[in-house]
4 protein chains.
Amino acid sequence: MIGVGIIGYGYWGPNLARAAAESGVASVQVIADPSPQARQRAALRHPAAKLVSDVDQMLSDKTVDAVLIATPVHTHFALAMAALKAGKHVLVEKPMTETVAQAHELVEEAARRNLTLMVDHTFVYTPAIRQVSELVQQGELGDLYYYDSTRVNLGLFQRDVNVIWDLAVHDFAIMDHLFGQAPVAISACAASFVAGSPENMAHLTIHYDGGMMANLNVNWLAPVKIRQTLIGGSRKMVVYDDMQTSEKIKIYDRGATSNDKPYEHLVSYRIGDMYAPALSSKEALQTELQEFARAIESGTAPLTDGLGGLRVVEMLAAASRSCRLRGHPVDLVTLKEAS
Amino acid sequence: MIGVGIIGYGYWGPNLARAAAESGVASVQVIADPSPQARQRAALRHPAAKLVSDVDQMLSDKTVDAVLIATPVHTHFALAMAALKAGKHVLVEKPMTETVAQAHELVEEAARRNLTLMVDHTFVYTPAIRQVSELVQQGELGDLYYYDSTRVNLGLFQRDVNVIWDLAVHDFAIMDHLFGQAPVAISACAASFVAGSPENMAHLTIHYDGGMMANLNVNWLAPVKIRQTLIGGSRKMVVYDDMQTSEKIKIYDRGATSNDKPYEHLVSYRIGDMYAPALSSKEALQTELQEFARAIESGTAPLTDGLGGLRVVEMLAAASRSCRLRGHPVDLVTLKEAS
Amino acid sequence: MIGVGIIGYGYWGPNLARAAAESGVASVQVIADPSPQARQRAALRHPAAKLVSDVDQMLSDKTVDAVLIATPVHTHFALAMAALKAGKHVLVEKPMTETVAQAHELVEEAARRNLTLMVDHTFVYTPAIRQVSELVQQGELGDLYYYDSTRVNLGLFQRDVNVIWDLAVHDFAIMDHLFGQAPVAISACAASFVAGSPENMAHLTIHYDGGMMANLNVNWLAPVKIRQTLIGGSRKMVVYDDMQTSEKIKIYDRGATSNDKPYEHLVSYRIGDMYAPALSSKEALQTELQEFARAIESGTAPLTDGLGGLRVVEMLAAASRSCRLRGHPVDLVTLKEAS
Amino acid sequence: MIGVGIIGYGYWGPNLARAAAESGVASVQVIADPSPQARQRAALRHPAAKLVSDVDQMLSDKTVDAVLIATPVHTHFALAMAALKAGKHVLVEKPMTETVAQAHELVEEAARRNLTLMVDHTFVYTPAIRQVSELVQQGELGDLYYYDSTRVNLGLFQRDVNVIWDLAVHDFAIMDHLFGQAPVAISACAASFVAGSPENMAHLTIHYDGGMMANLNVNWLAPVKIRQTLIGGSRKMVVYDDMQTSEKIKIYDRGATSNDKPYEHLVSYRIGDMYAPALSSKEALQTELQEFARAIESGTAPLTDGLGGLRVVEMLAAASRSCRLRGHPVDLVTLKEAS
């Protein structure tokens, strides 16, 4: 049983605390939040936990083996670094840090101290993405051609990050997990249609070695909520619609092939069956916390480790740079070397 | 009653011929196609029409006032130019020509001869786009923010044009009609996943003066057919789903506004009613042919005139150039001056 | 090649004529319709066919082996009987006749003369129902529990038949084909909400030996068009949505079983995968006409023979009687004996 | 502020307790449940409440003004009667009682003691049904023609009540609220496909004076979850789809009218716009508890009072009797007189 401390009891912290309490692998020892109201809410739900206003009180607590950080992005680096230096394992909200350099530092610090550094890329632990991941690894989809995602809705406008850091980060984390390779370049265009707000709409194109492409459409100012991803492969194709209550993942035995004859180049189509596998109903956060516990206990890397968190921050940074260049593609190789 | 000749009786020609015959404003005088099988099919459906293998026989026919050209793209320029030079009005398939220079020449030739030059941008004449156009013109949507279109399906792979010239052309025509302004720059990335075939997937970002953006996602290799466009405005937003048999156009009274207070910048949301206006069931081709007849008889420009056709070809050419530059944005102003 | 005559060239006749002409197994020899306008339309589409105003001219024509009857219901019996007496095979629109007695007479007349009598239960020949039929015959669904159909839309109000004879007849034909047994009783309630019109809304419950039930909801006065059927079996269940352009048939590996323990009766659920088989794109009418030709040539019964037509008319008659009895269930056994 | 006691802390009780605690009009004083585990869960969520195993301890508690009963159906009558006799106001789960006679007794007892007796017909308090109710009362739908509901899913099989008492009760409560009149007769057929279980599938037809009809399709053994209701009126029609996360209520300006000319009876259709009003996001239970408080304080009848509960139980009893008669319609008038 791992003793955990929760830093931040605002919007997401209560979910982490509840999930930890129900996980069977962790006990909530300490909850830290500067707001008295937040601590009061925490006390009602977690009467056995110690409530503190200051993080240092948590970091010096011997019953705390690991901290879960659910605070605004700009505080992630300092809090995670302090926790690592206090010898605590760390699970931090996505995006891991504000800059690539910070991400590198955290990864190095954790490695030096043999501590687990994990990022809360929650989608990776959903039954839907677990299923897609299996399909990819078993070669069911064949060669991957593209990943096309529409993630739009009305609100919530964030104050400190734009729509790329708020929504595209989910796709970056999923792509990092599914594809097993970093992209070579990213183009992105973003716009703000609400005066004084961060960009609320963006389109991103991500290039991979070998020709695979990804396209992301993220928007806080859409009339309807859409969470739809098409994944194309040479053997099969997937439609992942997260708004469906059932049949979130549909797998299509469809594709096209060329007959390759020199003088009469013709493309033929394969239109086969579709199937929608029954998905587990296990909560993603439970799977994630069990993975965190497994990594801590075994001393091996978790599925969404600090390096994954770093790669996602690199993608976010490249996308931001491309936006400033009005969509000019930004190479990730260059960025990596520069970082 | 306008006497028309149909050039090309392959896939689309029969639709034009049928629509002309049923339009009440045109009579089908001559049909030209080099294939004996095509002429035989034409004879069964249009027993009163003269059937010729050679276009010249049509162009010298006094009963033909106007020609409708439904042939492969690379033949459009020569056929349209010949028809104009023979004193015929012209309605030509989209895209109007293969190059911007050719499009300019056709526009000038038609102007010189006071002939109607019109492009078959069919979508502009659909009840759905007529409705959206009205909303835009009446200011119902407020300032336009974005146009976001997903136009994907499995096949049909074209042999001579890529997916941009085949599918994105529809959106370009719609955008040209709706927005009343040409874009300033286009970024596009395309990929081919079937050996030896033109690009089958592309993503385009189109920039307008004043910050409006458009994003197009076109694909011949998708598992499902999607025809969905989101149009965002400051007052209202539209979802146009062309796969629906009813309720193709939904108008949402939704949006976000900033309170503009200096120290506590907050965004508030407006979530109002949705309505789906009943749309006319009139066939787009009928509306289009009546517009062609109206333009010819009045000597005024049709809704989708040669200049519109030229603007769409300019957009296609800019997109193609951006693809070759791996997504680097291509200014349309530059292109215009260079052409 | 079978020489066919088409009786009636109004709404459905042109489809039968076109399908026959394209079938490769039939040639359209004669088309009969009293309306000069209808004959004129027929002449344009079928220039090689003889056009007559009077059916007798068709029935005495030696080139006509079989007649396809697409006229109002009240004329079916007399026309089909005359055709059989003239030695012609008959394919008649559904419902086959207005009364059970008439249906018996036609079946007997056809049997006496060794002629093929077939009813145009088109849905039985659709790829969707062919697929469901295979699933049932292969035991994929297990024991059949229920058939639940919603078939509603706005219009078209018929003048001479009510909504049961117009819409429920489709389900009766499908059920007759799928279940291989006649029902034991039918309850039906109908109502008319448009003054002076036949009943436009009805609900029917159909009871089968062994406990299987069917429920039909038919309505000409619904705001939206729904064509949805749920079929429940002990092993699998089917959702058939005819409004979908793809994935019309979805097969669910779902169900419930009782543990049968005496003191703690518990029901457990099976929630497995769903799959949607790729369906043939072959037109139902083509399959149907080929079946008609096969039956004529082999002298064996077609899939939807006169006896099936008779069973469907019996169901319609029982439903009508139950409506007059305000929903009191009407036994079909009694009805059969009485007829 | 009303002091409330919750009887039963199993599946639904926690929702009532939470809603009461958040309502601003009630305080949770006592929670009664014989299970120590249930009381322990209650203690965590409601630390200020007194926890008792025996209902008598609650009924003698002076701080309890009203009790909320969330126990199995067969216990409703005795518990509600005891509470009324102890001078407590009562809000009881639906269905109010097992028999019509019991329902009468409760209504009379509450009237005699001037206590509020209310039934938890939750759907009546949902924003969707509030909206439909307004439309009906303002005459927007015109004369009501029909109510057609499909309420099917896989599980949960109940042990002590069948699918009519479990699912159709929701529609009965909605209909009782919307139509302002009791039906005249009910036909119902039910079947059980899981050995030893109560009936899991049923179809009901409900007749009203003036020709209005309702049809209910309820099923615990369906492959998919459907919650769809069509409501037809002479002026407008409603589609209520409770599975939608937005646009649950769509209002169609559609209908049909007869031209009433003697010799050429023709029906014409009106196909107008659809709109989907923005619905409140207020939780139904909050609205319901506020209505309970309002009724108690004002001494006037709540929206879903004991008489409504009685009418719903009468409908359930009539439906059960019709099932035993294999669908023979059961008059409600007779039942009322007999009860």
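Everything numeric in this text was worked out from a predicted model, so none of it was measured. (Residues numbered from 1 in each chain as written. Chains lettered and ligands numbered in written order. Predicted model: local features only at pLDDT ≥ 70, side-chain atom pairs only at ≥ 80, totals over all residues. Heavy atoms only, no water.)

The next point concerns the overall build of chain A. Within chain A, the secondary structure is distributed over 10 helices and 15 strands. Along the first, second and third principal axes, the C-alpha set of chain A runs to 75 × 45 × 40 Å. When the 339 residues of chain A are sorted by exposure, 62% land in the buried category. Of the roughly 13,100 Å² of accessible surface on chain A, a fraction of 50% belongs to carbon and sulfur atoms. Across chain A, 30 positive and 37 negative side-chain charges occur, with their mean positions spaced 3 Å apart. (Helix = DSSP H or I, 4+ residues; strand = E, 2+ residues; numbered from the N terminus. Buried < 20%, exposed > 50% of the residue type's maximum accessible area, 1.4 Å probe, protein only. Areas by Shrake-Rupley, 256 points an atom, 1.4 Å probe, with all protein chains shown as cover. Lys, Arg positive; Asp, Glu negative; His and termini not counted. Charge placed at Lys NZ, Arg CZ, Asp CG, Glu CD.)

Turning next to the sheet that holds strand β5 (residues 89-93) of chain B. Residues and elements named next belong to chain B. If you walk across this open sheet you meet the 6 strands as β3-β2-β1-β4-β5-β6, and the pairing is parallel. In this open sheet, the two edge strands, each paired with only one partner strand, are β3 (50-52) and β6 (117-120). Neighbouring strand axes in the sheet, compared pairwise and without regard to direction, differ in orientation by 25° on average. Bridging between β5 and β6 involves 4 bridges; their strand directions are parallel. Across the sheet, residue E93 finds its bridge partner in β6, namely D120. (Pairing = 2+ DSSP bridges. Axes fitted to C-alpha atoms, helices over the stretch in contact; angles between N-to-C directions.)

On to the relation of the copies chain A and chain B, then. For these two chains of identical sequence, chain A goes onto chain B by a turn of 180° and a shift of 0.0 Å along the axis, with RMSD 0.0 Å. Such a combination of turn and shift is consistent with a two-fold rotation axis. Closest approach to the rotation axis among the C-alpha atoms of chain A is made by H328(A), whose C-alpha sits 2.5 Å away. When the interface residues of chain A are mapped onto chain B, 100% of them again lie at the interface, so the same face is used by both copies. (Least-squares fit on C-alpha atoms with pLDDT ≥ 70 in both. Contact = heavy atoms within 4.5 Å.)

Residue and element names in this part refer to chain C. By the criterion of burial, strand β7 (residues 144-154) is predominantly enclosed, with 10 of the 11 residues buried. Across 9 bridges, β7 lies against strand β11 (residues 221-233) in antiparallel orientation. Residue Y147 lies in a different strand from β11, and its bridge partner there is I231. Relative to strand β10 (residues 213-219), β7 is paired through 7 bridges, and the arrangement is parallel.

All names here are of chain B. Look at helix α6 (residues 127-137) against helix α7 (residues 163-179): their axes get within 9 Å of each other, and the N-to-C directions meet at 30°. By the angle class used here, α6 and α7 are roughly parallel. Crossing angle aside, the handedness with which α6 passes α7 is right-handed. Where α6 abuts α7, its residues I129, R130, V132, S133 and V136 lie against I174, H177 and L178. Partitioned by chemical class, the residues of the contact of α6 with α7 number 5 nonpolar, 2 polar and 1 charged. (Parallel < 35°, antiparallel > 145°, perpendicular 65-115°, else oblique. Left-handed = near helix turned anticlockwise from the far one by under 90°. Nonpolar A, V, L, I, M, F, W, Y, C, P; charged D, E, K, R; others polar.)

Let us now look at the interface of chain A and chain B. Tallying the contact residues gives 56 residues for chain A and 56 residues for chain B. At the surface where chain A touches chain B, the tally comes to 2 salt bridges. Linking R326(B) and D331(A) is a salt bridge whose minimum nitrogen-to-oxygen distance equals 3.0 Å. Our count for the contact surface shared by chain A and chain B stands at 13 residue pairs in polar contact (both at pLDDT 80 or more). Sorting the residues of the side of chain A that touches chain B by element identifies β7 (144-154), β8 (185-191), β9 (201-207), β10 (213-219), β11 (221-233), β12 (237-241), β13 (249-258) and β14 (267-276) of chain A as the ones contributing at least two each. With 7 residues, β11(A) is the largest single contributor of residues to the side of chain A that touches chain B. (Salt bridge = Lys/Arg side-chain N within 4 Å of Asp/Glu carboxyl O. Polar contact = N/O pair within 3.5 Å; in protein donor to acceptor, adjacent residues only side chain to side chain.)

Time to look at helix α9 (residues 306-324) of chain D. Between the first and last C-alpha of α9(D) there are 27 Å, a value that for 19 residues agrees with the 27 Å anticipated at 1.5 Å per step. Phi turns positive, to about 55°, at R326(D), one or two residues after α9(D). (Expected span 1.5 Å × (residues − 1).)

Residue and element names in this part refer to chain A. By volume, the second largest pocket is sized at about 1,300 Å³. Taken together, 36 residues make up the lining of the second largest pocket; nearest its centre are Y11, K94, Q158, D166 and H170. Broken down by secondary-structure element, the contributors of at least two residues to the lining of the second largest pocket are α4 (73-85), β7, α7 (163-179), β11 and α8 (284-298). If you tally residues by element for the lining of the second largest pocket, the top one is α7, at 4 residues. Along the lines of polarity and charge, the residues of the lining of the second largest pocket split into 17 nonpolar, 8 polar and 11 charged. Looking at the lining of the second largest pocket, you find at least three residues from each of domain 1 (2-120) and domain 2 (124-283 + 315-333). (1 Å grid on protein atoms, 1.4 Å probe; cavity = no way out; pocket = protein on both sides within 12 Å on 5 of 7 lines; lining within 4 Å. Points joined across faces, edges and corners; volume = space filled by probe spheres on them. Domains from an automatic or database assignment.)

Inspection of the entire model under this criterion finds 52 salt bridges over all chains. One continuous salt-bridge network, built from bridges that share partners, spans R18(A), E22(A) and E283(A).

Attention shifts here to the interface of chain C and chain B. Residue-level contacts link 6 residues of chain C with 6 residues of chain B. For the pairing of chain C and chain B, the buried interface totals around 330 Å² over both sides, and the portion due to carbon and sulfur atoms is 61%. Counting across the chain C and chain B interface gives 0 salt bridges. The tally of links from chain C across to chain B stands at 0 residue pairs in polar contact (both at pLDDT 80 or more). Taken together, the residues that form the side of chain C that touches chain B break down as 4 nonpolar, 1 polar and 1 charged. (Buried area = accessible area lost by both parts, 1.4 Å probe.)

Residues and elements named next belong to chain A. Taken domain by domain, chain A comprises domain 1 (2-120) and domain 2 (124-283 + 315-333). One C-alpha centre belongs to domain 1, the other to domain 2, and the line joining them spans 30 Å. If you look at where domain 1 meets domain 2, you find 1 salt bridge. As a salt-bridge pair, R18 and E283 come within 2.8 Å of each other at their nearest N and O atoms. At the surface where domain 1 touches domain 2, the tally comes to 1 residue pair in polar contact (both at pLDDT 80 or more). Each residue belonging to the side of domain 1 that touches domain 2 can be placed in one class, and the counts come to 5 nonpolar, 2 polar and 3 charged.

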